[in-house]
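# Chain and residue survey
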Amino acid sequence: MKIIQAKTPNFNSRKPSNKITSVIIHHTQLKNSEQVYKIFESSASKVSSHYLIDRGGDVHQFVDENKKAWHAGVSTWGGVDGLNDTSIGIELDNNGEEEFSAPLMKSLIELTKAIVIKHNIDERLILGHSDIAYWRKVDPSHYFCWKTLADNSLGFFPTHSEKSPKTIFKLNGTHVQIPSIKEKLGKIGYKIFDYSSKIDQKTYSLLKAFKRRYDPKTYNEDVWDSQSQGRLEEILKRYDK
Ligand SMILES: [Zn+2]
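Residues numbered from 1 in each chain as written. Predicted model: local features only at pLDDT ≥ 70, side-chain atom pairs only at ≥ 80, totals over all residues. Heavy atoms only, no water.

### Here's the deal with unusual backbone geometry
Between Asp139 and Pro140 the backbone carries a cis peptide bond, its omega angle lying at -5°. Here the phi dihedral of Lys46 falls at roughly 55°; this positive angle occurs in a residue that is not glycine. Within the chain, Asn120 stands out as a residue other than glycine whose phi angle is a positive 55°. Note that Asn120 resides in the loop between α2 (102-119) and β10 (126-128). (Helix = DSSP H or I, 4+ residues; strand = E, 2+ residues; numbered from the N terminus.)

This is the structure:
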């Protein structure tokens, strides 16, 4: 894994009390890494990340891990707001509508492993931007394979699988199951805005965020089915002690 040092004006100091506790994964939604350089090098953009991994698998470091990069924005996980304070941000060179390249994934696994060991990061805190800001962000996309990370001891991926999952409800209207699903997603760490049984915009985005990460095969179908539900229960079982 080659690490290329790069520069950005978009960072500041971490507070001494802000220990690094999480890794946040993004995709750039751009055509190539040159476009990322343009944005990160411009002070007007006010965005950066610690690392960028390009399609060829090279790692570009823009911000020292001890400094605060500006990648997460308004975000919440496990009741804690503002994940920039305590996270390391990794941008993946991907336009959001394509598979993530094999060299990129290989470097991501190597880099994430090193970060997790160095900062003793809990497996529950290897997160996507769409986990911590699902109401406004969809990265990394459903093409990103969280199972591959889990297979490399980076996080947990549920194994519950069904041949023909049954639709529990479609992602519109009002359903009695919604409050209890929200409660469970909240226990995992997702921010819950209210416990109403109506699928409003935020609830829709929340359920899609879970599917994007944990049940990506049916991501494009606007349904909550028995496989998604089973996977949610399996994650809870692992952590709900
Ligand atoms: Zn992002």
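### Details of the packing of aromatic side chains
For the structure shown, the criterion picks out 13 aromatic pairs. Centroid distance Phe144 to Trp146: 5.0 Å. Interplanar angle 80°. Geometry classified as edge-to-face. Across the pair, exposure class does not vary: Phe144 and Trp146 are buried alike. Taken together, the ring pairs connect Trp77, Tyr134, Trp135, Tyr190 and Phe193 into an aromatic cluster. Taking NZ or CZ as reference, Lys208 lies 4.5 Å from the ring centre of Tyr219, over its face. Lying across the ring of Trp146, Arg213 places its NZ or CZ 3.7 Å from the centre. (Phe/Tyr/Trp six-rings, centres within 6.5 Å; stacked < 30°, edge-to-face > 60°. Buried < 20%, exposed > 50% of the residue type's maximum accessible area, 1.4 Å probe, protein only. Lys NZ or Arg CZ within 6 Å of the ring centre and 35° of its normal.)

### Some thoughts on the packing of helix α5 (residues 178-188) against helix α7 (residues 226-239)
For the pair α5 and α7, interaxial distance at closest approach is 10 Å and the crossing angle is 40°. The angle between α5 and α7 places the two elements in the oblique class. Relative to α7, the crossing made by α5 is left-handed. On α7, the residues that touch Ile181, Lys184, Leu185, Lys187 and Ile188 of α5 are Gln229, Leu232, Glu233, Ile235 and Leu236. (Axes fitted to C-alpha atoms, helices over the stretch in contact; angles between N-to-C directions. Parallel < 35°, antiparallel > 145°, perpendicular 65-115°, else oblique. Left-handed = near helix turned anticlockwise from the far one by under 90°. Contact = heavy atoms within 4.5 Å.)

### Notes on the sheet that holds strand β1 (residues 3-5)
Across the sheet, six strands lie side by side as β1-β5-β4-β9-β3-β10; this open sheet has mixed pairing. Each of the sheet's edge strands pairs with one partner strand only, and the pair in question is β1 and β10. Taking each pair of neighbouring strands and ignoring which way they run, the sheet shows an average axis angle of 25°. Here strand β3 (residues 22-27) pairs with strand β9 (residues 87-92) via six bridges, running parallel. (Pairing = 2+ DSSP bridges.)

### What about helix α6 (residues 201-214)?
The terminal C-alpha atoms of α6, which comprises 14 residues, lie 20 Å apart, in line with the 20 Å expected from a rise of 1.5 Å per residue. Most of α6 sits inside the fold, with eleven of its 14 residues counted as buried. Buried within α6 we find Thr203, Ser205, Leu206, Leu207, Lys208, Ala209, Phe210, Lys211, Arg212, Arg213 and Tyr214. (Expected span 1.5 Å × (residues − 1).)

### Regarding the packing of α6 against α7
The interhelical angle for the contact between α6 and α7, taken along N-to-C directions, is 80°, at an axis separation of 11 Å. What the angle tells us is that α6 and α7 run roughly perpendicular. Note on element contacts: α7 touches α6 through Ser228, Arg231, Leu232 and Ile235, opposite Phe210, Lys211 and Tyr214. Its residues assigned to classes, the contact of α6 with α7 shows four nonpolar, one polar and two charged. (Nonpolar A, V, L, I, M, F, W, Y, C, P; charged D, E, K, R; others polar.)

### Here we look at the coordination of the zinc ion
Ideal coordination angles are 109.5 degrees for a metal with four donors arranged tetrahedrally and 90 or 180 degrees for a metal with six donors arranged octahedrally. Only His26 (ND1), His129 (ND1) and Asp139 (OD) from the protein coordinate the zinc ion, and they sit 2.1 to 2.2 Å from it. Every donor residue of the zinc ion comes from the same chain, spaced as H-x102-H-x9-D. On the criterion of sequence distance, the pair formed by His26 in strand β3 and His129 in helix α3 (residues 129-132) is long-range, its members being 103 residues apart. A relative accessible area of 1% means that His26 is categorised as buried. On the basis of relative accessibility, which here comes to 4%, the residue His129 falls in the buried class. (Donors = N, O, S within 2.8 Å, 3.2 Å for Na, K, Ca; no water.)

### Regarding the nonpolar core
Counting residues in hydrophobic clusters, the biggest one holds 52 residues, and the most contacted among them are Leu149, Leu185 and Tyr190. At seven residues, α2 tops the list of elements feeding residues into this core. Those residues in contact with Leu149, other than ones at most four positions away along the chain, are Ile25, Met105, Leu108, Ile109, Ile126, Phe144 and Leu154. Formed by eight residues, the second largest nonpolar core is a distinct cluster that contains Val36, Tyr37, Phe62 and Val63. (Core = buried A, V, L, I, M, F, W, Y, C linked by side-chain atoms within 4.5 Å.)

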